[in-house]
Amino acid sequence: MTKPSVAIIGAGMAGLTLARRLSATARVTVFDKSRGTGGRLATRRTETTAFDHGAQYFTIRDSRFHTALEPYLEAGQVQAWAAALMRIGADGASERLADRAPRFVGVPAMTALPKALAEGLDLRLGCQILALQKTGDGWHLATKDRTFGPFDRVVATAPAPQTRQLMPFAAADLEALDGVRMNGCFTLMLTLKEGTLPPAEAAQVEHPVISWIAANHGKPDRDTAPALVVHANNRWADQHLEAPLETVRDSMMAACRTLCADFDWDAVLAIDIHRWRYANVETPLGQPFLLDNGLGLAACGDWCVGNRVEAAFLSATALADVMEPQLAKGC
Ligand code: FAD
């Protein structure tokens, strides 16, 4: 019996988790519009350094997530990041925060984890899916210059608004997707002079413009020049999503200078900025996934249940729990 075919849109934590789970029972193809895997588990490299400019770290609270990550923990591709976590107030005053749960990162870069998860999968990178069409033989996925298919099932793991645009779900599922709210973010990436001490190893910032500052080179096994990652406050980012990047950069730098007045800002050698249109989840779907067996369509991702890397894993795992036995029966 030929195994059913499944197209997964998105090679982030959710898409890769699902692809690995379904590969035993289905012929799985993963599409991503980016040139690499990982989605918001992202790393930007320069000549001298690197920045994890999306997720900063992840927690491993659920035992299933721990089990799935065990091989990568053993191989050292995932390691604990024991940075001293600070809280910086809007007035610049700082205090040490208690560690609530260990923080984990990919090693030597955040993308090490998605790269390892993607091993052996049938990946089509640089393929932005623009439309889905159903014909007598199944689903066909169109990019700007070609069509892939047919597939028996299609699963979207793109952020909710992009999934909403793409997937021809029934009205009730589209309405549920309309209720999901995601926030934008901007990430400043600052290359520092060799030997510069960062303002903090990692700091949650309570400020109208800035929410996070971390020394990327302090993460485990980073053999890179000193580098700071600074995230914007989500609410502020949403208000400035369409603003020119130079304006956003200048506002964020001005806020940084005020917040960390004692830091030598002349040590900044280069500044880059990234706009995340859909970074974090404000209002999740409230159910672990969407699945329409009649249409052969499904969706999962962090936005179903939470706001974190672990939420993306749990959403994909819940969907795999339902789809795996269905696919094993050939449907
Ligand atoms: P994604 O990683 O977004 O994957 C979706 C994929 O779909 C992407 O690769 C995208 O390219 C692809 N795609 C979209 N549309 C299409 C299309 N039409 N065709 C083909 N491909 C498409 N989480 C934490 O746990 N801890 C943190 O510290 C943390 N900090 C964060 C900071 C920032 C700035 C950001 C942006 C996120 C942060 N997160 C954090 C959230 C975390 O990164 C996400 O929860 C998680 O990575 C989501 O995984 P996902 O697979 O659901 O979605």
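Just so it is clear, the model here is predicted, and its values are computed rather than measured.

Draft legend 1. Spatial organisation of the domain arrangement of the protein chain. Split into domains, the protein chain comes out as domain 1 (1-33 + 126-180 + 284-331) and domain 2 (45-62 + 81-103 + 183-281). Measuring from the centre of the C-alpha atoms in domain 1 to the corresponding centre in domain 2 gives 32 Å. Taken together, the contact pairs 11 residues of domain 1 with nine residues of domain 2. Carbon and sulfur atoms make up 60% of the surface buried where domain 1 meets domain 2, a total of about 890 Å² over both sides. If you sort the residues of domain 1 by the area they bury against domain 2, Asn-307, Val-309 and Glu-310 come out on top, with a joint share of 50%. Counting across the domain 1 and domain 2 interface gives zero salt bridges. Taken together, the connections running from domain 1 to domain 2 amount to four residue pairs in polar contact (both at pLDDT 80 or more).

Draft legend 2. Summary view of the sheet that holds strand E2 (residues 27-32). What the six strands build is an open sheet, ordered E9-E2-E1-E13-E20-E19; its pairing is mixed. Sheet topology places strand E9 (122-125) and strand E19 (290-292) at the edges, where each strand pairs with a single neighbour. In this sheet, neighbouring strand axes are inclined to one another by 15 degrees on average, regardless of whether the strands run parallel or antiparallel. Bridge count for strand E13 (residues 153-156) against strand E20 (residues 297-299) is three bridges, and the pairing is parallel.

Draft legend 3. Representation of the environment of Pro-199. Here Pro-199 lies in the loop between strand E14 (181-192) and strand E15 (202-205). Residues Pro-199 and Leu-97 lie 102 residues apart in sequence; the distance between their C-alpha atoms is 15 Å.

Draft legend 4. Highlighting the site of the ligand. Neighbouring the ligand are 35 residues, the closest being Asp-32, Arg-40, Tyr-57, Asp-302 and Arg-308. A distance of 2.7 Å separates an oxygen atom of the ligand from a polar side-chain atom of Asp-302. Contact with the protein chains removes 95% of the 1,000 Å² of surface that the ligand exposes when unbound. Looking at the shell around the ligand, the elements with two or more residues in it are helix H1 (13-22), E2, helix H4 (160-166), strand E18 (268-283) and helix H9 (309-328). When residues of the shell around the ligand are assigned to their parent elements, the largest contribution, three residues, is made by E18. Along the lines of polarity and charge, the residues of the shell around the ligand split into 15 nonpolar, 15 polar and five charged. Two domains each provide a minimum of three residues to the shell around the ligand, namely domain 1 (1-33 + 126-180 + 284-331) and domain 2 (45-62 + 81-103 + 183-281).

Draft legend 5. View of the pairing of E15. In this sheet, E15 lies alongside strand E6 (residues 85-88) in parallel orientation, the contact comprising four bridges. The residue bridging Ile-88 from the neighbouring strand is Val-205, located in E15. Of the strand pairs in this sheet, E15 and strand E16 (residues 210-215) are connected by three bridges, and their pairing is antiparallel. Pairing of Ala-202 across the sheet is with Ala-214, part of E16. Between E15 and the antiparallel strand that follows it, E16, lie four residues.

What counts and what doesn't
Residues numbered from 1 in each chain as written. Predicted model: local features only at pLDDT ≥ 70, side-chain atom pairs only at ≥ 80, totals over all residues. Heavy atoms only, no water. Domains from an automatic or database assignment. Contact = heavy atoms within 4.5 Å. Buried area = accessible area lost by both parts, 1.4 Å probe. Salt bridge = Lys/Arg side-chain N within 4 Å of Asp/Glu carboxyl O. Polar contact = N/O pair within 3.5 Å; in protein donor to acceptor, adjacent residues only side chain to side chain. Pairing = 2+ DSSP bridges. Helix = DSSP H or I, 4+ residues; strand = E, 2+ residues; numbered from the N terminus. Axes fitted to C-alpha atoms, helices over the stretch in contact; angles between N-to-C directions. Near = heavy atom within 4 Å. Areas by Shrake-Rupley, 256 points an atom, 1.4 Å probe, with all protein chains shown as cover. Nonpolar A, V, L, I, M, F, W, Y, C, P; charged D, E, K, R; others polar.

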